[in-house]
Amino acid sequence: MHFIKFLARRIGHSVFVILGLSILVFLIARVMPGDPARMALGPRAPEAVVQRFREELHLDKPIYVQYYYWLRGAVQGDFGMSLFTKRNVAHDVKEFLPATLELMVCTGIIFTVFGILLGVASARYANKWPDNVVRVFSYLGVCTPAYVFGILFLLLFGYVFNLLPTIGRLSPELEYPAHATGFITIDSIIAGDFRAFWDGLKHLIMPSVALALGPMAQEARITRSSMTENLQRDFIALERSQAIPERRIMTRYLMRISIIPTVSVLGLDFASQLGWAFLVELIFNWPGLSRYGINVMLHKDLNAIVAVIMIIGLVFLVVNIVVDIIVAGLDPRIRLGAERSK
Amino acid sequence: MARRLLHIRDLHVRFDVYGGTLKVLNGVNLHLDEGEKVGLVGETGCGKTTTAKSILRILPMPPAKITGGEILLGKDDILKMGIRQLRELHSHGISMIFQDPTASLNPVFTIGDQLTDTIRYSTVEQKLTKRETKKRAVSALSDVSLPDPVRILENYPIQLSGGMRQRICIAMALASRSRLLIADEPTTSLDVTIQAQVLKLLGRLVEEKDTSTILITHSLGVVREWTQRVYVMYAGQMVETAPTKELFHSPFHPYTKGLMKAVPKLTGEGVALGISGRIPDYLNPPTGCRFHPRCPHVMDVCRKERPPYFVAGDTHEVACFLYREK
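Here the structure is a predicted model, which is why all the values come from computation and not from measurement.

Chemist: Please explain the overall build of chain A as it appears in this structure.
Modeler: The helix and strand inventory of chain A stands at 15 helices and zero strands. Referenced to the eigenvectors of the C-alpha coordinate spread, the extents of chain A come out at roughly 85 × 60 × 40 Å. Expressed as a percentage of its 342 residues, the buried residues of chain A come to 46%. Expressed as a percentage of contacts within chain A between residues at least 6 apart in sequence, the contacts between residues at least 24 apart total 71%.

If you want it as structure tokens, here you go:
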């Protein structure tokens, strides 16, 4: 019961956040200099045609009227026409979003699993050599942008050793499996095509590892510091003084409390991938939403820009709600604190 | 004569921190007979808690490191114990009540989770069923006069008051029927009105089971009421020990005298006199007697040499050069 209330309240807040975001993005997109209709039709189009196109896009109306038209379409899933691809924006998003989501999920799995493992190892062997190795790696990971890793991997594993495919999601000689989820790895399993699965997975490795290294380093650092800090707390001393086996203290009592800050950051890192992935998508020629987003921005493709940013915002909100639920499940102080303040 | 239960000899503990080594315990000596109740007093930061945690081998290491000495429980040296003996020590030998019940209960587990684990691992050989363990948990909570124990088992620490949490910690410490109880300032973090209740409860339970106790505190009133013998600790060393009555009647060490004066008396001027200065920096502790920079009777020898213990009565010892001749 509390859970449903909590969820309803969070979703209620989110509706306002998303509305606010849409107004902001809409305004910013409109005040950017340049004439989208002129850019779409090219410099040689006659002024009369451009004017008619402006009217078609409602660009001649006041901005709040434009927003109204846009919002009416958006709630029905219609984000208007892309001036760049000349297709419906919703159609473009449907095509490009799954590729990025698949990349994000794969990246997320890598940095969650390995980030926490490295952090735990680092805390377990604090100030010994495994810890030092992890810490040096963490600094490198945090301060190196993902595209640098991307280019390095491309050179190393793509050209020098020729181990992994370098571009796209699937080798050209293979056919895309029937579209069910848009995730090649999942669709190919559904279709029973294991060659495509293996090939898709190989294509995923380099871009997702390149993206994962930064957040992984972050996760490892946070897990390590939270564990070493909690290890000195009195409740660990008390548990030790009560003959509870060390292994149980570590895996149960220390773990649950130490993982809370990591989980909070995990969610943020996961959602940020969507915005940061564009250089990596560019390098690996990954047909994803981030790359699309940059392209449409360069073309001042109003409808598409707004749609891409709204999608990123939506993913952030969903991920944050999920993270809040997990953290509340782990930490009674938050769960009960929220109940009490009601 | 009662049997010797615990004997700490020349215990040294240091903390390796960023910027150097803190020599926190510098040759601590303490002993306690079976059934005896001993007080350990001194300012905050003088090493009382470190001593207690060393006895249980639960100091966080790193940064702490035990660099010398021995802690004998009966005939066994706790510092040389292996994992199995240590587990035995924790389940039946010694238990501890910590200073701050808020910090000593794990905030993300229910009281039931924590208390049943305590009971389970202190009764491993009896192989209790889940239901029996829970029954014991309930009765452990009733023993410390907590109302509605079944509901409390479901609660998380933040749902309970400080006094209730400390009662739970007492229940945990007593659940294992240990031979020695270390109570580390069990009431310092509680409201004054609750302090008396909790102390009374602890006193009753300790009396019932006749448990040997080390009571760490800086409340001299409590020491006077509770203990048979007192150790006075300063900057990682014991500076004086005596039977409680004798110590209050005739304290020898200048530091002990200062402590006594620091107690505000209801009938007196109302202003505590205290001791000027502060506890020394453990990074570069003073040479010789660690108290000499604050001592009103400081002599040349105090700056150079560490005072040995001078016997000033049957069981009254003092580490101060003022008593060299006696």
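Chemist: What is the right way to look at the sheet that holds strand β9 (residues 229–234) of chain B in this model?
Modeler: All names here are of chain B. If you trace the eight strands from one edge of the open sheet to the other, you get β6-β7-β8-β3-β9-β10-β12-β11, paired in mixed fashion. Only two strands of the sheet have a single partner each, and these edge strands are β6 (94–97) and β11 (310–311). Across two bridges, β11 lies against strand β12 (residues 317–318) in antiparallel orientation. Note on β12: the bridge partner recorded for F310 is V318. Its contacts with the sheet put helix α1 (residues 48–56) on β3 (37–41), β6, β7 (180–184), β8 (212–217) and β9, and the angle it makes with β6 is roughly 150 degrees.

Chemist: Help me understand helix α10 (residues 234–241) of chain A in this model?
Modeler: Residues that lie three or four places apart on an α-helix share one face, since the helix turns once every 3.6 residues. With eight of eight residues buried, α10(A) lies mostly within the body of the structure. Buried residues of α10(A): D234(A), F235(A), I236(A), A237(A), L238(A), E239(A), R240(A) and S241(A), and no others.

Chemist: Whenever I open this one, the layout of surface pockets confuses me. Can you help?
Modeler: Over the atoms, a rolling probe the size of a water molecule traces out where space has been left empty. In this structure, the largest pocket encloses a volume near 1200 Å³. Around the largest pocket, the lining is made up of 33 residues, and of these L231(A), R240(A), E246(A), M250(A) and M61(B) lie nearest the centre. Sorting the residues of the lining of the largest pocket by element identifies α5 (89–124), α9 (194–231) and α11 (246–276) of chain A together with α2 (83–93) of chain B as the ones contributing at least two each. A breakdown of the residues in the lining of the largest pocket according to their chemical character gives 19 nonpolar, five polar and nine charged. Here the second largest pocket defines a volume of roughly 440 Å³. In this structure, the second largest pocket is lined by 21 residues; those nearest its centre are L57(A), H58(A), G80(A), M81(A) and N303(A).

Chemist: Looking at this model, I keep getting lost on the side chain of E185(B). Mind explaining?
Modeler: Examined against the element boundaries, E185(B) turns out to sit in the loop between β7 and α8 (192–209). Its relative accessible area of 5% is what places E185(B) among the buried residues.

Chemist: Explain the confidence of the model for chain A here, please?
Modeler: As a note on interpretation, predicted positions should not be read in detail where pLDDT is low. With 98% of its residues at a pLDDT of at least 70, chain A reaches an overall mean of 84. When mean pLDDT is taken per element in chain A, α5(A) scores highest with 89 and helix α15 (residues 332–340) of chain A scores lowest with 68.

Chemist: Explain the pairing of β6(B) to me, please; I cannot follow it from the model alone.
Modeler: Residues and elements named next belong to chain B. Burial of β6 is two-sided: the residues I94 and M96 facing one way and the residues S95 and I97 facing the other way are all buried. Pairing of β6 with β7, which is carried by four bridges, proceeds in the parallel orientation. Residue pairing across strands places I94 opposite L180, the latter belonging to β7.

Chemist: Is there a simple way to think about the environment of P63(B) in this case?
Modeler: Position of P63(B) relative to the elements: it lies in the loop between α1 and β4 (64–73). The residues contacting P63(B), other than those within four sequence positions of it, are Q232(A), R14(B), F15(B) and D16(B).

Chemist: Got a minute to help me understand the packing of α9(A) against α11(A) in this structure?
Modeler: For any two helices packed against each other, the geometry comes down to the angle between their axes and how far apart the axes lie. All names here are of chain A. The interhelical angle for the contact between α9 and α11, taken along N-to-C directions, is 150 degrees, at an axis separation of 9 Å. One way to sum up the angle between α9 and α11 is to call them roughly antiparallel. Between α9 and α11 lies a crossing of right-handed hand. Residues L211, P215, Q218, E219, I222, T223, S226, M227, N230 and L231 of α9 touch α11, and the partners they reach there are M250, L254, M255, I257, S258, P261, T262, V265, L266, D269 and Q273.

Chemist: Help me out: how do you make sense of the sheet that holds β4(B) in this one?
Modeler: Strand pairing within a sheet occurs via backbone hydrogen bonds; the two strands may be parallel or antiparallel. Residue and element names in this part refer to chain B. With antiparallel pairing, the four strands of this open sheet are ordered in space as β2-β1-β4-β5. In the strand order of this sheet, the two ends are held by β2 (20–33) and β5 (76–77), each with one partner. For strand β1 (residues 4–17) and β4, the ladder comprises eight bridges, and the chain directions are antiparallel. In the strand pairing of β4, H7 is matched with L72. Against the sheet, α1 engages β1, β2 and β4, with an angle of about 110 degrees to β1.

Chemist: Which parts of the structure should I look at to understand the pairing of strand β10 (residues 237–243) of chain B?
Modeler: A regular strand places its side chains on the two faces of the sheet in alternate fashion. Residues and elements named next belong to chain B. With six of its seven residues buried, β10 lies for the most part within the structure. Pairing of β9 with β10, which is carried by six bridges, proceeds in the antiparallel orientation. Counterpart to R229 in the pairing with β10 is P243. In this antiparallel pair of consecutive strands, β9 and β10, the connection spans two residues, and A235 shows a positive phi of 50 degrees. In terms of strand pairing, β10 meets β12 through two bridges, oriented antiparallel. Looking at the pairing, E240 lines up with V318 of β12.

Rules and cut-offs
- Residues numbered from 1 in each chain as written.
- Chains lettered and ligands numbered in written order.
- Predicted model: local features only at pLDDT ≥ 70, side-chain atom pairs only at ≥ 80, totals over all residues.
- Heavy atoms only, no water.
- Helix = DSSP H or I, 4+ residues; strand = E, 2+ residues; numbered from the N terminus.
- Buried < 20%, exposed > 50% of the residue type's maximum accessible area, 1.4 Å probe, protein only.
- Contact = heavy atoms within 4.5 Å.
- Pairing = 2+ DSSP bridges.
- Axes fitted to C-alpha atoms, helices over the stretch in contact; angles between N-to-C directions.
- 1 Å grid on protein atoms, 1.4 Å probe; cavity = no way out; pocket = protein on both sides within 12 Å on 5 of 7 lines; lining within 4 Å.
- Points joined across faces, edges and corners; volume = space filled by probe spheres on them.
- Nonpolar A, V, L, I, M, F, W, Y, C, P; charged D, E, K, R; others polar.
- pLDDT = per-residue confidence, 0-100.
- Parallel < 35°, antiparallel > 145°, perpendicular 65-115°, else oblique.
- Left-handed = near helix turned anticlockwise from the far one by under 90°.

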